[in-house]
Amino acid sequence: MKTLHHPAQPWWLMHLHNVCYALMGVALLIHPTETSPLRTGLLGGLLLLAGICTLTLGMRRRQRGDTDNLWFILSSGRDIIFGIWLLAVMNQPMGAMINTIGLWAIIYAFLQAIEANFYFLGTRANEDKDYWVEVIHFACVFIAGGFAFLLIMRPDGLTASLGYVGLFLVGLGLVQELLTRMLQRDATRYVN
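Predicted model, so just to flag it, every value in this text is computed and none were measured.

Any chance you could explain a nonpolar patch on the surface here in plain terms?
Together, Val19, Leu23, Val26, Leu29, Ile30, Tyr164 and Leu167 line one region of the surface with nonpolar side chains, adding up to about 590 Å² of accessible area. Contributions of two or more residues to the nonpolar patch are made by helix H1 (11-29) and helix H6 (157-191). Take the nonpolar patch: its biggest share by element is four residues, from H1.

Below, the structure is given as structure tokens:
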């Protein structure tokens, strides 16, 4: 009898993706009200790298025959498009960077909300799945929503609001890391 060999899932790519988000937050925490082409380029490069990592993981999962890789590919498209856009607006005023990252956060929150709903509907059929993944997805939605709100609405003024946005991205990277670990655990549990 032949055993089927599936290529391994490179979860380290998703961990690198999460690190990119956290590093974006750190970059925004350092002198948050000052902008430079270097900072905007760094943010764009990190977002582009995060998207490439997610795309690679999604494609590897597709090679394995996994059917739940669509969310990885959608997320990668979002990050790649906005990463390229940030690189394109490197020499523009700070408003272009703020609006681009704010729109990215809105789309991120929207996709996470849809993904959480689909994941919830999928877990209702399986009695042995826990619901912590949905809770983490919704935490990502709230963090990205708060991030977008601070960037776009600036309730405390530009200087104070921009001082907080880096914390949201660092938090998003940490929550995404927790989500990645849970998805990785589920993937190995249901394969074995």
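In this structure, what is going on with helix H2 (residues 37-64)? I would like to understand it.
Since one α-helical turn is 3.6 residues long, residues separated by three or four positions face the same way. For H2, built from 28 residues, the straight-helix expectation of 40 Å at 1.5 Å per residue is met to within 8% by its first-to-last C-alpha distance of 40 Å. Trailing H2 by a residue or two, glycine 65 shows a phi angle of about 95°, which is positive.

Would you mind showing me how to read the packing of aromatic side chains here?
By convention here, two paired aromatic rings are described through the distance between centres and the angle between planes. Using the criterion set out here, one finds five aromatic pairs in the structure. Here tryptophan 104 and phenylalanine 147 contribute two aromatic rings whose centre-to-centre distance is 6.3 Å and whose plane-to-plane angle is 85°, an arrangement assigned as edge-to-face. Of the two residues, tryptophan 104 sits in helix H4 (residues 94-123) while phenylalanine 147 sits in helix H5 (residues 132-153), which places them 43 residues apart along the sequence. Accessibility expressed as a relative area gives 2% for phenylalanine 147, which makes it buried. An aromatic cluster is present here, built from Tyr21, Trp104, Tyr108 and Phe147 joined pairwise through their rings.

Mind showing me how you'd approach H5 here?
For H5, with 22 residues, the first-to-last C-alpha span of 31 Å sits near the 32 Å given by 1.5 Å per residue. Trailing H5 by a residue or two, arginine 154 shows a phi angle of about 50°, which is positive.

Quick question: what am I supposed to make of the pattern of salt bridges here?
Two side chains with opposite charge may pair up if their charged atoms get near one another. Scanning the entire structure with this criterion turns up two salt bridges. Residue aspartate 79 pairs with arginine 78 through a salt bridge whose shortest N-O separation is 3.0 Å. Take aspartate 79: its relative accessible area is 0%, and that puts it in the buried class. Among the salt bridges present, the one from glutamate 177 reaches arginine 181, with a minimum N-O distance of 3.2 Å.

What is the right way to look at the environment of alanine 144 in this model?
Considering the arrangement of structural elements, one finds alanine 144 in helix H5. Among the residues examined, alanine 144 registers a relative accessible area of 2% and is labelled buried. The spatial distance from the C-alpha of alanine 144 to the C-alpha of phenylalanine 110 is 9.1 Å, given a sequence separation of 34 residues. Setting aside residues no more than four positions away along its own chain, alanine 144 makes contact with Ala105, Tyr108 and Ala109.

Help me understand unusual backbone geometry in this model?
In this structure, histidine 31 is a non-glycine residue whose phi angle is positive, near 50°. With respect to the helices, strands and loops of the structure, histidine 31 is situated in the loop between H1 and H2.

What should I look at first to understand the nonpolar core in this one?
If you look at soluble globular proteins, the nonpolar side chains tend to sit buried side by side. Judged by nonpolar contacts, the single largest core of 44 residues is most densely connected at Tyr21, Leu43, Met97, Ile101, Trp104, Phe147 and Leu172. Counting residues per element, the ones that place at least two in this core are H1, H2, helix H3 (70-88), H4, H5 and H6. Among the elements that make up this core, the one with the highest residue count is H5 (10 residues). Among all residues touching leucine 43, those that are not within four sequence positions of it are Met24, Ala27, Leu28, Leu86, Met97 and Ile101.

Parameters and conventions
- Residues numbered from 1 in each chain as written.
- Predicted model: local features only at pLDDT ≥ 70, side-chain atom pairs only at ≥ 80, totals over all residues.
- Heavy atoms only, no water.
- Patch = residues over 30% accessible without salt bridge, like charges linked within 9 Å, V, L, I, M, F, W, Y side chains within 5 Å.
- Areas by Shrake-Rupley, 256 points an atom, 1.4 Å probe, with all protein chains shown as cover.
- Salt bridge = Lys/Arg side-chain N within 4 Å of Asp/Glu carboxyl O.
- Helix = DSSP H or I, 4+ residues; strand = E, 2+ residues; numbered from the N terminus.
- Expected span 1.5 Å × (residues − 1).
- Phe/Tyr/Trp six-rings, centres within 6.5 Å; stacked < 30°, edge-to-face > 60°.
- Buried < 20%, exposed > 50% of the residue type's maximum accessible area, 1.4 Å probe, protein only.
- Contact = heavy atoms within 4.5 Å.
- Core = buried A, V, L, I, M, F, W, Y, C linked by side-chain atoms within 4.5 Å.

That is the geometry; function is a separate question.
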